[in-house]
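Report on the structure
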Amino acid sequence: MNPPQDDAQINRGLWLGLLGIAIFSVTLPMTKLAVGSIDAPQLSPWFTTFGRAAVAGVLSLFYLGFGFWRGHRQKPQGRQWRLLGFTAVCVVVGFPLFLSLALQYVPSTHGAVVTGLLPLATAGMAALWFRQRPSLAFWACAVTGTLLVLLFMALHSGDGSGHVAIQLADVFLLLAMLSAALGYIGGARLTPSLGAERVICWVLVISLPVSLPLAFIHAPAASQTIGWTSWAAFAYLAVFSMWIGFFAWYRGLALGGVVRVSQVQLVQPFLSMLFAVPLLGEQLDAATLGFGLGVMATVFIGKKMPVNGTPSKPLANKG
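Residues numbered from 1 in each chain as written. Predicted model: local features only at pLDDT ≥ 70, side-chain atom pairs only at ≥ 80, totals over all residues. Heavy atoms only, no water.

**Notes on the confidence of the model for the protein chain**
The criterion, for reference: Values of pLDDT, the confidence the predictor places in each residue, fall between 0 and 100. Helix and strand assignments come from DSSP, with helices taken as H or I runs of at least 4 residues and strands as E runs of at least 2, each series counted from the N terminus.
Of all residues in the protein chain, 90% attain a pLDDT of 70 or more, and the chain-wide mean is 83. Confidence, read as mean pLDDT per element, is least for strand β2 (residues 307-309) in the protein chain (61) and greatest for helix α9 (residues 196-217) (95).

**Here's the deal with the packing of helix α1 (residues 7-25) against helix α10 (residues 228-256)**
Basically, it comes down to this: With axes taken as lines fitted to C-alpha atoms, and helix axes fitted only over the stretch in contact, angles between N-to-C directions fall between 0 and 180 degrees. Comment on the angle field: the value is read as roughly parallel under 35 degrees, roughly antiparallel over 145, roughly perpendicular from 65 to 115, and oblique elsewhere. By definition, any crossing whose near helix is turned counterclockwise from its far helix by less than a right angle is left-handed, and any crossing with a clockwise turn is right-handed. Any two residues whose heavy atoms approach within 4.5 Å are treated as being in contact. The residue classification treats Ala, Val, Leu, Ile, Met, Phe, Trp, Tyr, Cys and Pro as nonpolar and Asp, Glu, Lys and Arg as charged. All others, Gly included, are polar.
In the contact formed by α1 and α10, the axes pass within 7 Å of each other and the chain directions differ by 160 degrees. By the angle between their axes, α1 is roughly antiparallel relative to α10. Every pair of crossing elements has a handedness; the one defined by α1 and α10 is left-handed. Of the residues in α10, those in contact with Gln 9, Ile 10, Arg 12, Gly 13, Leu 16, Gly 17, Leu 19, Gly 20, Ile 21, Ile 23 and Phe 24 of α1 are Tyr 236, Phe 240, Ser 241, Ile 244, Gly 245, Phe 246, Ala 248, Trp 249, Arg 251, Gly 252, Leu 255 and Gly 256. Across the contact of α1 with α10, the residue classes break down as 13 nonpolar, eight polar and two charged.

**Focus: the environment of Ala 248**
When you line up the elements, Ala 248 lands in helix α10. Between the C-alpha atom of Ala 248 and that of Leu 16, which follows or precedes it by 232 residues, the distance is 5.2 Å. Discounting chain neighbours no more than four positions away, the residues touching Ala 248 are Leu 16, Gly 17, Leu 19 and Gly 20.

**Remarks on the packing of α9 against α10**
Between α9 and α10, whose axes approach to 8 Å, the crossing angle comes to 140 degrees. It follows from the interaxial angle that α9 and α10 lie oblique. Of the two elements, α9 crosses α10, and the hand of that crossing is right-handed. Taken together, the residues of α10 that come into contact with α9 (itself represented by Ala 196, Glu 197, Val 199, Ile 200, Cys 201 and Leu 204) are Met 242, Trp 243, Phe 246, Phe 247, Tyr 250 and Arg 251. When the residues that make up the contact of α9 with α10 are grouped by side-chain class, the tally is ten nonpolar, no polar and two charged.

**A few points about helix α13 (residues 286-302)**
Which entries qualify depends on this criterion: Take the number of residues in a helix, subtract one, and multiply by 1.5 Å to get its expected span. Burial status follows relative accessibility: with a 1.4 Å probe on protein chains alone, a residue under 20% of its type maximum counts as buried, one over 50% as exposed, and anything between as partly exposed. The directions from the helix axis to the C-beta atoms form the arc being described.
When the terminal C-alpha atoms of α13 are compared, their 24 Å separation across 17 residues agrees well with the 24 Å that a helix rising 1.5 Å per residue should span. When we look at burial in α13, the residues that qualify are Thr 288, Phe 291, Gly 292, Val 295, Thr 298, Val 299 and Gly 302. The buried residues of α13 occupy an angular sector of 120 degrees when projected down its axis, which confines them to one face. Residues Ala 286, Leu 293 and Phe 300 are exposed on α13 and point more than 90 degrees away from its buried face.

Structural data, given as structure tokens:
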């Protein structure tokens, strides 16, 4: 991946990353609305996962077909196919499935604070992948933001007693976080050579032979009553969370650098909580706002810290 060229490019990458994160922030409350709970189930986690990928995959077919008609006939080549497959496993299956399974058992606010560890996971994996060496000051900002998220989890999750127990839902959330981090890096690796829009479209198209039949298999029975809010949430997940959000996110990662732009994710838990207030009727208190401002401060400072190294070259498209 080519390094950022100037401050304007970095800032553009950060703004695009923030737009992507704003779209992704609604994913948790929308997933909760789509799947319901164990006591009041709606759409199954399996249908939510593969159904949204199938819908976005069909949209991607039209997008790529229109581009082909307009003369944009670039196709992935060689190693790009393998990385597309890897990215598909992470962002099409891993993240949405583990998230849907977890949110059957816990509120979306709990999911938001646990997945708040995602920026540090993405930055750490990206630093290894791209052979970059973030400064100690950068890592200090990343760790400080993560500690704020963990402290918030300790104070606000669980049964209100302040005790945080690792439960099956937390394991699912951690697996979702790791899947997302690896998928973000894989997509960002391909963006300079394929383009952000075509990366996610190809990821979704090559997933169609799996996502489409599994969506039909796990579709709700005709006798099952599904609320309109669950279907509306499913539509958002398919069109925005699974498709349009990645247009902005992958482009932002490629322009601003994965290690740096990934820190924008630190604001995602708090944006998710803000959206959960009108969507799920959850309460937002002063402490939540205070932690949110603290985390945003670490993002603002962290984006100014140097990130050095020998970046990987983009995977060339030889076609």
